[in-house]
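Topology and contacts: notes
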Amino acid sequence: MMKAVLAGVVGAVLCATAPVLAAELPRIVADHGRHALLVDGAPYLMLGAQINNSSAWPAMLPKAWPTVAQLDANTLEVPIAWEQIEPKEGQFDFSFLDQLLTEARAHHVHLVLLWFGTWKNTSPSYAPAWVKLDNKRFPRMIDEKGQSIYALSPFATTTLDADRAAFTRLMAHLKAADPDHEVIMVQVENETGTYGTVRDHSPAADKAFAAPVPAEIVRRMGVQAGTWSQVFGADADEQFHAWAIARYVDAVAAAGKAELPLPMYVNASLNDPFKPQDPKTYSAGGPTHQVLAMWKAAAPHVDAIGPDIYTSDFAHYMKYLDLYGRPDNMLFVPETGNAKDYARHFFAVVGRGGVGFSPFGMDQTGYYNFPLGAAKLDAETIDAFAANYRLFRPLERIWPKLAYEGRTWGVSEPTAPEAGHKQVMTLGRWRATATFGQWQFGIDPPTGNPTPSGGVAVAELGPDEYLVTGYHARVSFDLPSPKPGEHMIIDRVEEGHFDADGHWVFERVWNGDEVDYGLNFTGLPQLLKVKLATYR
Ligand code: DGJ
């Protein structure tokens, strides 16, 4: 009887996620403040990887694909540099992109293209020489002392026109070269903002700064009309700079979408959300948490803003997920550190309905961004991330559908001992508690894993029925508010897996020792269906 119920639930999930059209354009949908990335017409969980900055050359791709295969990633993020596609003004070379598309098809891997244009980590390093060396035509920003600085000005229409023209050509080429939509999203620019200067002080910028805040910004942000200083007070410079960069990026995105309306996002270099900081010390004007509302108002053609998370500290990681996963912003982690202790946060991301996760620097070119990532990308490090993808690859269509319906939860292992080495998930009337660092057969209090590696994800499949998985954690269920005389009981715990068609394949029932101390997940990939019940 229960098997029939389970089959029905999973069947319903699968029917609802079946592809509608083979070559349907990828898109983002939103409902009740939740989001899904649709690929081939159905929600898709991006199990991603990003290659190193200088790996986007034909000769380097053989050093990327083996890592992608080891990871079992379904999507690769690859830079497309302005200097590479338009080395001479008006002369375009898409040979790398064409080769990338051919190889991605052969490897059955989707792509996210990263447009390294006017700004790459705020600098013009990936703009062609004819742009970055011609500061008369493509001016740099002016600082408050009147000095020209390293970053290009967002007020130069010549630069915007040139970047937009190149990006438009890229999207037009993609439209012709990628009819099956191997490419599922495009990142517009890379980590924008400015270090050391909070806004441009060029004559054009100063003129705009003295003028009223544009009416559409006032309306979209719901603020009082006035000049920048009147509306934003001490934050006026930073909000103004965010507006200037966001509307520039928006113009580039809009022009690209006019050719091929793929989902487009921007990535954010982050700063500490727990301590006020001098904006000169971080990428001011980029889509940092301080100015997300401005970016949303000024860049309506940008579908999402993703945090590049390079701290594995639990409190910071969770805070960034909370700040960027908003009803008006799809949660997506376009970059994260590739050291082992970052891998566990995958569970918190997918549990919150994040549509993708992508460690950075995943190739064998021998470059390591330690201390922001691993000191060496050895087999053990890759496997920390591969283990997650091994679990979720068979769920890449099932999980994001459940997440879009608001039926998923996930936690990663906290590092601060005061958190008690546990995390609690409230699942309607049930509660699931994940604890970290306990023997399987015992009731000793959790001490945390020797290195933080625990994670748990839970999805509701039907009434009182949950899909539960994780690593290096114990999961216990309870009923926080029982009716008088009501007690919780585990009805049944099935271990199994999903086959290639998404059907549940039963392997065994867990009972006795395997459930008496909670459900203990080790380093093995294990997927459980848990049916809860009560007795009186
Ligand atoms: C964030 C940038 O977006 C990447 O391109 C790369 O520079 C990494 N930082 C390196 O940690």
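Residues numbered from 1 in each chain as written. Predicted model: local features only at pLDDT ≥ 70, side-chain atom pairs only at ≥ 80, totals over all residues. Heavy atoms only, no water.

1. So, the overall build of the protein
- For the protein, the count of helices and strands is 16 helices and 23 strands.
- If one aligns the C-alpha atoms of the protein with their principal axes, the spans along those axes are about 80 × 50 × 40 Å.
- A burial count over the protein gives 58% of its 536 residues as buried.
- In the protein, 74% of the contacts between residues at least 6 apart in sequence involve partners at least 24 apart.
- Charge separation in the protein, taken as the distance between the mean sites of 45 positive and 61 negative side-chain charges, equals 3 Å. (Helix = DSSP H or I, 4+ residues; strand = E, 2+ residues; numbered from the N terminus. Buried < 20%, exposed > 50% of the residue type's maximum accessible area, 1.4 Å probe, protein only. Contact = heavy atoms within 4.5 Å. Lys, Arg positive; Asp, Glu negative; His and termini not counted. Charge placed at Lys NZ, Arg CZ, Asp CG, Glu CD.)

2. Some details on the packing of aromatic side chains
- Inspection of the entire model under this criterion finds 29 aromatic pairs.
- With a centroid separation of 5.6 Å and an interplanar angle of 40°, the aromatic rings of Phe240 and Trp243 are classed as tilted. Highlighted residues: Phe240 and Trp243, both in helix α10 (residues 236–259), separated by three residues, approximately one helical turn. Of the two residues, Phe240 and Trp243, neither departs from the other in class, the shared state being buried.
- Centre to centre, the rings of Trp510 and Phe521 are 6.3 Å apart; their planes meet at 40°, and the pair counts as tilted. Placement of Trp510 in strand β21 (residues 504–510) and of Phe521 in strand β22 (residues 519–521) is noted, with a sequence separation of eleven residues between them. For the pair formed by Trp510 and Phe521, the shared burial category is buried.
- Three or more aromatic residues joined by ring pairs make a cluster, and in this case those are Phe346, Phe347, Phe357, Tyr389, Phe392, Trp399 and Tyr471.
- The residue whose ring lies beneath Arg199 is Phe209, and the NZ or CZ to ring-centre distance is 3.9 Å. (Phe/Tyr/Trp six-rings, centres within 6.5 Å; stacked < 30°, edge-to-face > 60°. Lys NZ or Arg CZ within 6 Å of the ring centre and 35° of its normal.)

3. A closer look at the site of the ligand
- Surveying the vicinity of the ligand reveals the residues Asn53, Lys120, Asn121, Asn190, Glu191, Asn267, Asp308, Tyr310, Glu335, Phe360, Asn369 and Leu372.
- For the ligand, an oxygen atom lies 2.8 Å from a polar atom in the side chain of Asn190.
- Between the ligand and Glu335, the relevant distance is 2.7 Å, taken from an oxygen atom to a side-chain nitrogen or oxygen of the residue.
- In the complex, 89% of the free accessible area of the ligand, which totals 290 Å², lies under the protein chains. (Near = heavy atom within 4 Å. Polar contact = N/O pair within 3.5 Å; in protein donor to acceptor, adjacent residues only side chain to side chain. Areas by Shrake-Rupley, 256 points an atom, 1.4 Å probe, with all protein chains shown as cover.)

4. Thoughts on the side chain of Asp163
- Note on placement: Asp163 falls in helix α6 (residues 157–177).
- Although Asp163 is buried, it makes no salt bridge; Arg164 carries the closest opposite charge, 8.1 Å away.
- Within the local environment of Asp163, its side chain forms a polar contact with the side chain of Trp115, the two groups lying 2.9 Å apart. (Salt bridge = Lys/Arg side-chain N within 4 Å of Asp/Glu carboxyl O.)

5. Description of the sheet that holds strand β6 (residues 110–120)
- Judged by pairing direction, the barrel is parallel, and its eight strands sit side by side in the order β4-β5-β6-β9-β10-β11-β12-β13 before closing back on the first. In this sheet, neighbouring strand axes are inclined to one another by 30° on average, regardless of whether the strands run parallel or antiparallel.
- Across two bridges, strand β11 (residues 304–309) lies against strand β12 (residues 333–336) in parallel orientation. Each bridged residue has a counterpart across the sheet, and for Ile309 the counterpart in β12 is Thr336.
- On the sheet, α6 packs against β5 (75–81), β6, β9 (183–190) and β10 (264–269) and is oriented at approximately 165° with respect to β6. (Pairing = 2+ DSSP bridges. Axes fitted to C-alpha atoms, helices over the stretch in contact; angles between N-to-C directions.)

6. Some words on the pairing of β6
- Of all eleven residues in β6, eleven are buried; the element is thus mostly enclosed.
- With seven bridges joining them, β5 and β6 adopt parallel strand pairing. Each residue of the ladder has a partner; that of Leu76, found in β6, is Leu111.
- Here β6 runs beside β9; their pairing, made up of six bridges, is parallel. Across the sheet, Val112 pairs through a bridge with Met185, a residue of β9.

7. What about the nonpolar core?
- Residues Trp243, Trp295 and Phe392 are the most contacted members of the largest nonpolar core, which totals 120 residues.
- No other element matches α10, which puts twelve residues into this core.
- Counting contributing residues, this core receives three or more from each of domain 1 (46–406) and domain 2 (411–535).
- In this structure Trp243 touches Phe155, Ala208, Pro214, Ile217, Trp228, Met294 and Ala298, once residues within four positions along its chain are discounted.
- Listed in part, the 24 residues of the second largest apolar core include Ala432, Val515, Leu528 and Leu532. (Core = buried A, V, L, I, M, F, W, Y, C linked by side-chain atoms within 4.5 Å. Domains from an automatic or database assignment.)

8. Regarding the sheet that holds strand β2 (residues 34–39)
- With respect to topology, three strands assemble into an open sheet ordered β1-β2-β3, the strand pairing being antiparallel. Only two strands of the sheet have a single partner each, and these edge strands are β1 (27–31) and β3 (42–43).
- For β1 and β2, the ladder comprises five bridges, and the chain directions are antiparallel. Paired with Ala30 across the two strands is His35, which belongs to β2.

9. Considerations on the domain arrangement of the protein
- Domain parsing of the protein yields domain 1 (46–406) and domain 2 (411–535).
- Using C-alpha coordinates to define each centre, domain 1 is positioned 36 Å away from domain 2.
- With 18 residues of domain 1 at the interface, the matching set in domain 2 holds 25 residues.
- Between domain 1 and domain 2 the total buried area reaches about 1,600 Å² when both faces are included, carbon and sulfur atoms providing 73% of it.
- Run the count over domain 1 and domain 2 and you get three residue pairs in polar contact (both at pLDDT 80 or more).
- Looking at the side of domain 1 that touches domain 2, the elements with two or more residues in it are α12 (314–324), α13 (345–351), α14 (379–392) and α15 (398–404).
- When residues of the side of domain 1 that touches domain 2 are assigned to their parent elements, the largest contribution, five residues, is made by α14.
- Split by residue class, the side of domain 1 that touches domain 2 holds twelve nonpolar, two polar and four charged. (Buried area = accessible area lost by both parts, 1.4 Å probe. Nonpolar A, V, L, I, M, F, W, Y, C, P; charged D, E, K, R; others polar.)

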